[in-house]
Amino acid sequence: MNPDNIRIVLVNTTHPGNIGGVARAMKNMGLRHLYLVAPRDYPSEQAVWRAASATDILDSAVVVPTLHAAIGDCQFVVGTSARTRRIPWPLLGARQCAERIALASAREQVAILFGREDRGLTNEELQVCNLHLNIPTSDAYSSLNLAMAVQIVAYELCMLASTTELPDSEVDQWDAPFAALHDMERFYTHLEETLVDIEFLDPAAPRQLMSRLRRLYNRVRLDEMELNILRGILTETRKWVKRARAGKP
Ligand code: SAH
(Lines give C-alpha, C1' and ligand atoms only; values in the text may rest on other atoms or scores of the structure.)
Protein backbone atom coordinates (compact mmCIF):
# COMPACT_ATOMS: atom_id res chain seq x y z
CA MET A 1 0.00 0.00 0.00
CA ASN A 2 1.16 3.50 -0.80
CA PRO A 3 -0.81 6.26 0.97
CA ASP A 4 0.80 8.82 -1.33
CA ASN A 5 -1.20 7.34 -4.22
CA ILE A 6 -4.50 7.70 -2.38
CA ARG A 7 -6.57 10.89 -2.49
CA ILE A 8 -9.68 11.70 -0.52
CA VAL A 9 -12.08 13.71 -2.68
CA LEU A 10 -14.93 15.69 -1.10
CA VAL A 11 -17.61 16.72 -3.57
CA ASN A 12 -19.48 20.02 -2.96
CA THR A 13 -19.10 19.96 0.80
CA THR A 14 -21.50 22.39 2.46
CA HIS A 15 -20.12 22.71 5.99
CA PRO A 16 -16.49 23.83 6.33
CA GLY A 17 -16.35 22.21 9.78
CA ASN A 18 -16.66 18.85 8.06
CA ILE A 19 -13.68 19.66 5.84
CA GLY A 20 -11.61 20.32 8.96
CA GLY A 21 -12.88 17.10 10.53
CA VAL A 22 -11.87 15.18 7.41
CA ALA A 23 -8.37 16.69 7.49
CA ARG A 24 -7.97 15.58 11.08
CA ALA A 25 -9.27 12.06 10.37
CA MET A 26 -6.86 11.76 7.46
CA LYS A 27 -3.82 12.91 9.41
CA ASN A 28 -4.68 10.61 12.32
CA MET A 29 -4.70 7.67 9.90
CA GLY A 30 -1.70 8.59 7.75
CA LEU A 31 -3.42 9.93 4.63
CA ARG A 32 -2.22 13.19 3.11
CA HIS A 33 -3.92 14.12 -0.14
CA LEU A 34 -7.20 16.00 0.09
CA TYR A 35 -9.10 17.31 -2.94
CA LEU A 36 -12.07 19.64 -2.55
CA VAL A 37 -14.45 19.85 -5.48
CA ALA A 38 -16.27 23.21 -5.43
CA PRO A 39 -16.72 23.44 -1.64
CA ARG A 40 -19.52 25.84 -0.70
CA ASP A 41 -17.70 27.78 2.01
CA TYR A 42 -13.92 27.44 1.95
CA PRO A 43 -11.32 28.56 3.11
CA SER A 44 -12.90 28.97 6.50
CA GLU A 45 -12.01 29.53 10.13
CA GLN A 46 -14.30 26.67 11.09
CA ALA A 47 -12.34 24.24 8.95
CA VAL A 48 -9.08 25.33 10.59
CA TRP A 49 -10.62 25.03 14.03
CA ARG A 50 -11.95 21.50 13.44
CA ALA A 51 -8.69 20.36 11.83
CA ALA A 52 -6.82 20.93 15.13
CA SER A 53 -3.24 19.83 14.42
CA ALA A 54 -4.01 18.76 10.87
CA THR A 55 -3.99 22.23 9.29
CA ASP A 56 -1.09 21.08 7.09
CA ILE A 57 -3.58 18.79 5.29
CA LEU A 58 -5.82 21.82 4.69
CA ASP A 59 -2.86 23.93 3.54
CA SER A 60 -1.96 21.39 0.90
CA ALA A 61 -5.58 20.59 -0.09
CA VAL A 62 -6.28 21.03 -3.80
CA VAL A 63 -9.45 23.00 -4.56
CA VAL A 64 -10.87 22.28 -8.03
CA PRO A 65 -14.05 23.32 -9.86
CA THR A 66 -15.09 19.89 -11.20
CA LEU A 67 -14.87 16.25 -10.20
CA HIS A 68 -12.93 15.44 -13.36
CA ALA A 69 -10.27 17.99 -12.49
CA ALA A 70 -9.79 16.10 -9.22
CA ILE A 71 -9.65 12.54 -10.54
CA GLY A 72 -8.95 12.59 -14.30
CA ASP A 73 -5.48 11.07 -13.83
CA CYS A 74 -6.70 8.26 -11.49
CA GLN A 75 -6.81 4.63 -12.61
CA PHE A 76 -8.94 3.35 -9.75
CA VAL A 77 -11.93 5.24 -8.35
CA VAL A 78 -14.13 4.28 -5.42
CA GLY A 79 -17.41 6.03 -4.60
CA THR A 80 -18.82 5.91 -1.07
CA SER A 81 -22.53 5.79 -0.48
CA ALA A 82 -25.02 4.89 2.22
CA ARG A 83 -27.75 4.19 -0.32
CA THR A 84 -28.19 1.46 -2.91
CA ARG A 85 -28.96 2.73 -6.40
CA ARG A 86 -31.31 1.80 -9.20
CA ILE A 87 -28.51 0.32 -11.28
CA PRO A 88 -26.40 -1.42 -8.66
CA TRP A 89 -22.62 -1.15 -9.05
CA PRO A 90 -20.09 -3.65 -7.67
CA LEU A 91 -20.40 -2.99 -3.95
CA LEU A 92 -18.08 -3.85 -1.08
CA GLY A 93 -18.12 -3.17 2.64
CA ALA A 94 -15.53 -0.74 3.98
CA ARG A 95 -13.10 -3.42 5.11
CA GLN A 96 -13.04 -5.46 1.89
CA CYS A 97 -13.00 -2.33 -0.21
CA ALA A 98 -10.06 -0.92 1.75
CA GLU A 99 -8.11 -4.01 0.75
CA ARG A 100 -8.79 -3.34 -2.93
CA ILE A 101 -7.78 0.29 -2.46
CA ALA A 102 -4.58 -0.67 -0.65
CA LEU A 103 -3.66 -3.13 -3.41
CA ALA A 104 -4.33 -0.70 -6.22
CA SER A 105 -2.41 2.08 -4.47
CA ALA A 106 0.83 0.13 -4.75
CA ARG A 107 0.97 1.01 -8.48
CA GLU A 108 -1.94 3.28 -9.33
CA GLN A 109 -3.47 6.61 -8.49
CA VAL A 110 -6.59 5.93 -6.42
CA ALA A 111 -9.43 8.32 -5.54
CA ILE A 112 -12.08 7.80 -2.87
CA LEU A 113 -15.12 10.04 -3.38
CA PHE A 114 -17.35 11.38 -0.61
CA GLY A 115 -20.61 13.18 -1.31
CA ARG A 116 -22.60 16.15 -0.13
CA GLU A 117 -23.97 16.22 3.40
CA ASP A 118 -27.57 16.54 2.26
CA ARG A 119 -27.75 14.26 -0.77
CA GLY A 120 -24.53 12.31 -1.15
CA LEU A 121 -23.05 11.57 -4.59
CA THR A 122 -25.21 11.78 -7.72
CA ASN A 123 -25.74 8.70 -9.90
CA GLU A 124 -23.51 10.30 -12.57
CA GLU A 125 -20.70 10.74 -10.05
CA LEU A 126 -21.05 7.15 -8.84
CA GLN A 127 -21.00 5.91 -12.42
CA VAL A 128 -17.42 7.02 -12.99
CA CYS A 129 -16.36 4.62 -10.22
CA ASN A 130 -14.92 1.12 -10.42
CA LEU A 131 -16.37 0.12 -7.07
CA HIS A 132 -18.83 1.36 -4.49
CA LEU A 133 -17.97 1.31 -0.83
CA ASN A 134 -20.61 1.01 1.84
CA ILE A 135 -19.97 1.35 5.55
CA PRO A 136 -22.22 -1.19 7.25
CA THR A 137 -24.57 0.45 9.75
CA SER A 138 -27.73 -0.14 11.68
CA ASP A 139 -30.73 -0.48 9.36
CA ALA A 140 -32.43 2.24 11.33
CA TYR A 141 -30.03 5.00 10.16
CA SER A 142 -27.38 4.40 7.53
CA SER A 143 -26.14 7.91 6.78
CA LEU A 144 -22.97 8.85 8.68
CA ASN A 145 -21.60 12.32 9.18
CA LEU A 146 -19.17 13.04 6.33
CA ALA A 147 -16.02 13.32 8.47
CA MET A 148 -16.95 10.16 10.35
CA ALA A 149 -17.37 8.26 7.10
CA VAL A 150 -13.89 9.39 6.05
CA GLN A 151 -12.59 8.41 9.48
CA ILE A 152 -13.80 4.85 9.12
CA VAL A 153 -12.45 4.34 5.61
CA ALA A 154 -9.12 5.92 6.60
CA TYR A 155 -8.96 3.70 9.68
CA GLU A 156 -9.43 0.55 7.60
CA LEU A 157 -6.63 1.71 5.29
CA CYS A 158 -4.39 2.51 8.25
CA MET A 159 -4.86 -1.00 9.61
CA LEU A 160 -3.81 -2.42 6.25
CA ALA A 161 -0.79 -0.12 5.98
CA SER A 162 0.90 -2.13 8.71
CA THR A 163 0.02 -5.49 7.10
CA THR A 164 2.66 -7.10 4.97
CA GLU A 165 0.43 -9.96 3.88
CA LEU A 166 -1.58 -8.32 1.13
CA PRO A 167 -1.83 -10.57 -1.93
CA ASP A 168 -0.19 -9.43 -5.17
CA SER A 169 -1.99 -6.62 -6.90
CA GLU A 170 -3.71 -7.52 -10.18
CA VAL A 171 -1.45 -4.96 -11.86
CA ASP A 172 1.70 -6.75 -10.78
CA GLN A 173 1.55 -9.37 -13.50
CA TRP A 174 -0.18 -7.21 -16.13
CA ASP A 175 1.47 -6.16 -19.37
CA ALA A 176 -0.03 -2.69 -19.74
CA PRO A 177 -1.08 0.00 -17.26
CA PHE A 178 -4.80 0.43 -16.55
CA ALA A 179 -6.41 3.37 -18.31
CA ALA A 180 -6.82 6.65 -16.44
CA LEU A 181 -10.26 8.13 -15.95
CA HIS A 182 -9.91 10.96 -18.50
CA ASP A 183 -9.11 8.35 -21.20
CA MET A 184 -12.10 6.27 -20.12
CA GLU A 185 -14.32 9.36 -20.38
CA ARG A 186 -13.06 10.06 -23.93
CA PHE A 187 -13.81 6.43 -24.77
CA TYR A 188 -17.38 6.68 -23.41
CA THR A 189 -18.01 9.80 -25.50
CA HIS A 190 -16.63 8.04 -28.60
CA LEU A 191 -18.70 4.92 -27.85
CA GLU A 192 -21.89 6.92 -27.38
CA GLU A 193 -21.36 8.88 -30.62
CA THR A 194 -20.77 5.63 -32.50
CA LEU A 195 -23.83 3.94 -31.03
CA VAL A 196 -25.94 6.93 -32.08
CA ASP A 197 -24.31 6.79 -35.53
CA ILE A 198 -25.21 3.14 -36.08
CA GLU A 199 -28.68 3.82 -34.60
CA PHE A 200 -28.25 1.41 -31.73
CA LEU A 201 -28.73 4.27 -29.26
CA ASP A 202 -31.65 6.64 -29.72
CA PRO A 203 -30.66 9.97 -28.08
CA ALA A 204 -34.37 10.68 -27.60
CA ALA A 205 -34.78 7.48 -25.55
CA PRO A 206 -31.34 6.54 -24.23
CA ARG A 207 -32.75 4.49 -21.36
CA GLN A 208 -29.90 3.21 -19.19
CA LEU A 209 -27.71 2.01 -22.02
CA MET A 210 -24.64 4.18 -21.34
CA SER A 211 -24.89 3.55 -17.59
CA ARG A 212 -24.90 -0.19 -18.19
CA LEU A 213 -21.98 0.01 -20.60
CA ARG A 214 -20.06 2.13 -18.09
CA ARG A 215 -20.72 -0.48 -15.45
CA LEU A 216 -19.47 -3.23 -17.76
CA TYR A 217 -16.20 -1.51 -18.68
CA ASN A 218 -15.54 -0.08 -15.21
CA ARG A 219 -16.04 -3.52 -13.74
CA VAL A 220 -13.61 -5.14 -16.15
CA ARG A 221 -11.09 -2.28 -15.98
CA LEU A 222 -9.52 -1.67 -19.38
CA ASP A 223 -5.78 -1.37 -19.77
CA GLU A 224 -4.35 1.26 -22.15
CA MET A 225 -3.77 -1.29 -24.92
CA GLU A 226 -7.34 -2.62 -24.76
CA LEU A 227 -8.70 0.90 -24.72
CA ASN A 228 -6.73 1.78 -27.87
CA ILE A 229 -8.04 -1.32 -29.65
CA LEU A 230 -11.64 -0.43 -28.80
CA ARG A 231 -11.11 3.20 -29.86
CA GLY A 232 -9.68 1.92 -33.15
CA ILE A 233 -12.74 -0.28 -33.75
CA LEU A 234 -15.04 2.68 -33.06
CA THR A 235 -13.12 4.95 -35.43
CA GLU A 236 -13.32 2.38 -38.25
CA THR A 237 -17.02 1.75 -37.54
CA ARG A 238 -17.78 5.45 -37.88
CA LYS A 239 -15.79 5.65 -41.11
CA TRP A 240 -17.78 2.75 -42.59
CA VAL A 241 -21.08 4.28 -41.57
CA LYS A 242 -20.08 7.57 -43.18
CA ARG A 243 -19.03 5.85 -46.39
CA ALA A 244 -22.19 3.73 -46.51
CA ARG A 245 -24.34 6.85 -46.00
CA ALA A 246 -22.52 8.62 -48.81
CA GLY A 247 -23.31 5.61 -51.05
CA LYS A 248 -19.63 4.72 -51.44
CA PRO A 249 -18.52 1.09 -51.50
N1 SAH B 1 -28.02 11.96 2.88
C2 SAH B 1 -26.98 11.48 2.02
C3 SAH B 1 -25.83 10.99 2.83
C4 SAH B 1 -24.80 12.01 2.93
S5 SAH B 1 -23.63 11.65 4.14
C6 SAH B 1 -27.49 10.36 1.15
O7 SAH B 1 -28.61 9.96 1.31
O8 SAH B 1 -26.76 9.89 0.29
C9 SAH B 1 -22.21 12.36 3.37
C10 SAH B 1 -21.29 11.37 2.71
O11 SAH B 1 -20.69 10.50 3.69
C12 SAH B 1 -21.92 10.44 1.71
O13 SAH B 1 -22.07 11.04 0.45
C14 SAH B 1 -20.89 9.33 1.65
O15 SAH B 1 -19.78 9.75 0.88
C16 SAH B 1 -20.46 9.22 3.12
N17 SAH B 1 -21.26 8.23 3.85
C18 SAH B 1 -22.16 8.46 4.83
N19 SAH B 1 -22.68 7.30 5.29
C20 SAH B 1 -22.08 6.31 4.59
C21 SAH B 1 -22.18 4.88 4.60
N22 SAH B 1 -22.99 4.23 5.43
N23 SAH B 1 -21.41 4.20 3.73
C24 SAH B 1 -20.58 4.83 2.88
N25 SAH B 1 -20.44 6.17 2.83
C26 SAH B 1 -21.17 6.90 3.68
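The present account deals with the structure reproduced in this document. (Residues numbered from 1 in each chain as written. Predicted model: local features only at pLDDT ≥ 70, side-chain atom pairs only at ≥ 80, totals over all residues. Heavy atoms only, no water.)

## Concerning the pattern of salt bridges
How we decide: By definition here, a salt bridge exists when the distance from a side-chain nitrogen of Lys or Arg to a carboxyl oxygen of Asp or Glu is within 4 Å. Remark: exposure states derive from per-residue accessible area (1.4 Å probe, protein chains only) relative to the maximum for the residue type, with buried under 20%, exposed over 50%, and partly exposed in between. Secondary structure elements follow DSSP: runs of H or I of four or more residues count as helices, runs of E of two or more count as strands, with numbering from the N terminus.
Enumeration according to the criterion identifies 13 salt bridges in this entry. Glu125 is the partner of Arg116 in a salt bridge, and the nearest nitrogen-oxygen pair spans 2.8 Å. The pair Arg116 / Glu125 is uniform in exposure class, with both members buried. A salt bridge links Arg186 to Asp183; the shortest N-O distance between them is 2.9 Å. Here Arg186 pairs with Asp183, and both are found in helix H8 (residues 181-197), just three residues apart, close to one helical turn. A network of salt bridges, in which partner residues are shared, links Glu193, Asp197, Glu199, Arg238 and Arg245.

## Brief notes about the nonpolar core
To keep it simple, the criterion reads: Put simply, a nonpolar core is a bunch of buried Ala, Val, Leu, Ile, Met, Phe, Trp, Tyr and Cys residues held in one set by side-chain atoms that sit within 4.5 Å of each other. Contacts are assigned to residue pairs with any non-hydrogen atoms lying within 4.5 Å of each other.
Judged by nonpolar contacts, the single largest core of 39 residues is most densely connected at Ile8, Leu10, Val22, Leu34, Ile101, Ile112 and Phe114. The biggest single contributor to this core is helix H7 (residues 146-161), with eight residues. Among residues more than four places away in sequence, those in contact with Leu10 are Ile19, Val22, Leu34, Tyr35, Leu36, Val37, Phe114, Leu146 and Val150.

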